[in-house]
Amino acid sequence: MNLKADSADVAFTFKGGMLPMTVMELNSADPEQIRQQLEGKLSQSPAFFQHTPVVLSVEKLDTPHLALERICAVCRDHKLLPVAVRGGTDPVKQSAWALGLGWFAPVEEERARRLASIAAENDSAEEQVPQNAPEEVTESTGARLYRGTVRSGQQVSASNGDLVVIGAVNAGAEVLAAGSIHVYGALRGRALAGIHGNLGAGIYCRELNAELLSVAGNYKRLEDIDARRLGTPAEVHFESEQLEIKPLA
């Protein structure tokens, strides 16, 4: 008897994985206040709001109850897809489950402090910028020069031209430009070029490990990038109706 299972009979397999995920940390439980801020963000970086999955962190909210359904509706109205909630009281956990969302326990304060300390040390090691150098300079042409590491949770933008980063872009950070983006270091966060629809914009970096790449609203996530390009100098352009990633010449 052949006891080997036919692969056609296996409907799925479970696999562990580390996927890039945006955390939306709520400082307010007011859905209308959240709506207003999202509308402002949408005008700044429309390409980011392309059905992006987010985890709603409610750890900073001191409230036993939360209008979670309304907050999720506001997010979806702006093309964000809540997939889970982190933190909150037991009623918040139950509400998340009732809405078909996952729930994560809050990050322990001590563990968070250790992670923040490690991140600060990494930032310091990566920065490699003279101490007397200005952190950022905006050019009159509309292009922007930023000196230093763009850290997790930070956003740097050039709304009228190219953005040049003399340093790294850490995971969880975001850089945006109306024109092209040039990163003279590791690109680990999100890079959105041509945010006003410029299909001729590009993204250039010394080390590619980006969570998200976008040119004029056309994007690729980390899992969509050819593994051969990861960790190498690369350039990104919109060609033949898709994002093309090539070795940086």
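The structure we're discussing is the one just above.
Residues numbered from 1 in each chain as written. Predicted model: local features only at pLDDT ≥ 70, side-chain atom pairs only at ≥ 80, totals over all residues. Heavy atoms only, no water.

Trainee: Would you mind going over helix α2 (residues 68–77) in detail, with residue names and values included?
Mentor: The complete set of buried residues in α2 reads Leu68, Ile71, Cys72, Val74 and Cys75. Projected down its long axis, α2 shows its buried positions confined to an angular sector of 155 degrees, all on one face. Structural note: α2 exposes Glu69 and Asp77 on the side pointing more than 90 degrees away from its buried face. The secondary structure elements touched by the buried residues of α2 are β1 (22–25), α1 (31–44), β2 (52–57), β3 (80–86) and α3 (90–98). Just beyond α2, the residue with positive phi is Lys79, at close to 65 degrees. (Buried < 20%, exposed > 50% of the residue type's maximum accessible area, 1.4 Å probe, protein only. Helix = DSSP H or I, 4+ residues; strand = E, 2+ residues; numbered from the N terminus. Arc of directions from axis to C-beta. Contact = heavy atoms within 4.5 Å.)

Trainee: Any chance you could break down α1 for me, citing the residues and the numbers?
Mentor: The first and last C-alpha atoms of α1 sit 20 Å apart over 14 residues, in line with the 20 Å expected at 1.5 Å per residue. If you check which residues of α1 are buried, you get Pro31, Ile34 and Leu38. Angularly, the buried residues of α1 cover 55 degrees about the axis, an arc narrow enough to put them on a single face. More than 90 degrees from the buried face of α1, the exposed residues found are Gln36, Gln37 and Ser43. Against β1, α2 and β3 lie the buried residues of α1. You can read the cap of α1 off the contacts: a side-chain oxygen lies 3.0 Å from the backbone nitrogen of Glu32, and it is on Asp30. (Expected span 1.5 Å × (residues − 1). Polar contact = N/O pair within 3.5 Å; in protein donor to acceptor, adjacent residues only side chain to side chain.)

Trainee: I'd like to hear about the sheet that holds strand β13 (residues 212–215), residue by residue, with values.
Mentor: In spatial order, the strands read β7-β9-β11-β13-β14; together these five strands make up an open sheet with mixed pairing. Each edge of the open sheet is held by one strand with a lone partner, namely β7 (155–158) and β14 (218–221). The sheet shows a mean angle of 5 degrees between the axes of neighbouring strands, direction not considered. In terms of strand pairing, strand β11 (residues 190–193) meets β13 through four bridges, oriented parallel. Bridge pairing in β13 places Ala191 opposite Leu213. (Pairing = 2+ DSSP bridges. Axes fitted to C-alpha atoms, helices over the stretch in contact; angles between N-to-C directions.)

Trainee: Got a sec to walk through the sheet that holds β2? Specific residues and values, please.
Mentor: Spatially, the four strands line up as an open sheet ordered β1-β2-β3-β4, and their pairing is parallel. If you trace the sheet from one side to the other, it starts and ends with β1 and β4 (102–104), each paired once. Taken over all neighbouring pairs, the strand axes of this sheet differ in orientation by 40 degrees on average, direction set aside. Two strands pair when backbone bridges link them, and β1 and β2 are joined in this way by four bridges, in the parallel orientation. Of the residues in β2, the one forming a bridge with Met24 is Leu56.

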